[in-house]
Amino acid sequence: MVKRWPHSTLAAAAIAVVLLSDGCAEKRARAYPWATAITVRPNSPVAVPGYTPPQIDESAPNLPWDFAPPPSLVVSRQPARPRVAAQPAPEPAGSAKPDQLSLAPQLSQQEIATAQQEMNESLDIAQRNLVAAKNHKLDATQSDLASKVNSFVDESKAAAKDGDWARARNLARKAQLLSDELASSL
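Here is what the cut-offs are and how they apply
- Residues numbered from 1 in each chain as written.
- Predicted model: local features only at pLDDT ≥ 70, side-chain atom pairs only at ≥ 80, totals over all residues.
- Heavy atoms only, no water.
- Helix = DSSP H or I, 4+ residues; strand = E, 2+ residues; numbered from the N terminus.
- Buried < 20%, exposed > 50% of the residue type's maximum accessible area, 1.4 Å probe, protein only.
- Contact = heavy atoms within 4.5 Å.
- Areas by Shrake-Rupley, 256 points an atom, 1.4 Å probe, with all protein chains shown as cover.
- Axes fitted to C-alpha atoms, helices over the stretch in contact; angles between N-to-C directions.
- Parallel < 35°, antiparallel > 145°, perpendicular 65-115°, else oblique.
- Left-handed = near helix turned anticlockwise from the far one by under 90°.
- Nonpolar A, V, L, I, M, F, W, Y, C, P; charged D, E, K, R; others polar.
- Salt bridge = Lys/Arg side-chain N within 4 Å of Asp/Glu carboxyl O.

Draft legend 1. Spatial organisation of the overall build of the protein chain. Within the protein chain, the regular secondary structure consists of 4 helices and 0 strands. Overall, the protein chain shows an N-to-C arrangement of helices and strands of α-α-α-α. Classification of the 186 residues of the protein chain by burial places 16% in the buried group. Restricting to contacts in the protein chain with at least 6 residues of sequence separation, those with at least 24 account for 73%. Of the accessible surface of the protein chain, which amounts to about 17300 Å², a share of 58% is contributed by carbon and sulfur atoms.

Shown next, in the form of C-alpha cells:
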C-alpha cells in the first residue's frame, strides 16, 4: 500500500523549496530607493602610508588663442527673383509635330458599327432608368448612383465624339449596369 502525504505537509515542503531557492540573504545585492539616495555618502579615499603624489609640471607650453572671428550675424536679404515660365525651345524647321496620337484600338468598319449599336442600346436603357428615377425621392446612395450614371453617359458621348468607339461602348455599358442597379433599388 502506498503511503500518502497529507496536504499540509506538501504545502509546507513547497514553501520551504521556494524560500531556499531564493538564495543567500547576506550576499544579495541591495537596491536603494531613490528617496534614500540622498542620505548615502561615498567613502572618502584614505591616504596610503608612504605614498607621495607626483609633482605637477607647470612648464607646459603657452599656446596662443588664435581662433577665427565668429561669423557675422548680419544677414543680407535680397528680394526674391520673380519666377518666369520657361520658354519652349524652338522646333527645328524640318520636324513637324505629328497629329495627336490615339491609343484607341483600331477597329474594322463592322466592329465600329457593332460598337455604335451596343453603345446606343446601353445609353437608351440608362436614360430610361434615369427618367424613371427622377419620379422618385432618392436617398443618398441612390442619388450617388444617379450622378455616376450621368457621368458615364457624358463620358461615353465624349468618347464617341472623339471616335473611340470601344471606350464609348464600355462607358455606356457601365452606365447601363449602374442604372439597372438604381432602378432595382427604387
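Draft legend 2. Broad picture of the packing of helix α2 (residues 109-134) against helix α3 (residues 140-162). In the contact formed by α2 and α3, the axes pass within 11 Å of each other and the chain directions differ by 150°. By the angle between their directions, the pair α2 and α3 is classed as roughly antiparallel. As for the relative orientation of α2 and α3, their crossing is left-handed in sense. Across the interface between the two elements, M119, L123, A126, Q127 and L130 from α2 touch A146, V149, N150, V153, S156, K157 and A160 from α3. The residue inventory of the contact of α2 with α3, partitioned by class, reads 8 nonpolar, 3 polar and 1 charged.

Draft legend 3. Spatial organisation of the pattern of salt bridges. Enumeration according to the criterion identifies 2 salt bridges in this entry. Close ionic contact of R169 with E118 constitutes a salt bridge, the shortest N to O distance being 3.7 Å. With R169 in helix α4 (residues 165-184) and E118 in helix α2, this residue pair connects regions lying 51 residues apart in the sequence. On the basis of relative accessible area, R169 is assigned to the partly exposed category, the value being 25%. We classify E118 as partly exposed; its relative accessible area is 34%. Measuring nitrogen to oxygen at the nearest pair gives 3.5 Å for the salt bridge that ties D144 to K148. With a gap of 4 residues between them, D144 and K148 both fall in helix α3, about one helical turn apart. By relative accessible area, which is 40% here, K148 ends up partly exposed.

Draft legend 4. Broad picture of the packing of α3 against α4. Running from N to C, α3 and α4 cross one another at 160°; their axes reach a closest spacing of 8 Å. Relative to α4, α3 is oriented roughly antiparallel. Classified by chirality, the crossing of α4 by α3 is left-handed. Contact residues: Q142, L145, A146, K148, V149, F152, V153, E155, S156, A159 and A160 in α3; W165, R167, A168, L171, A172, K174, A175, L178, S179, E181 and L182 in α4.

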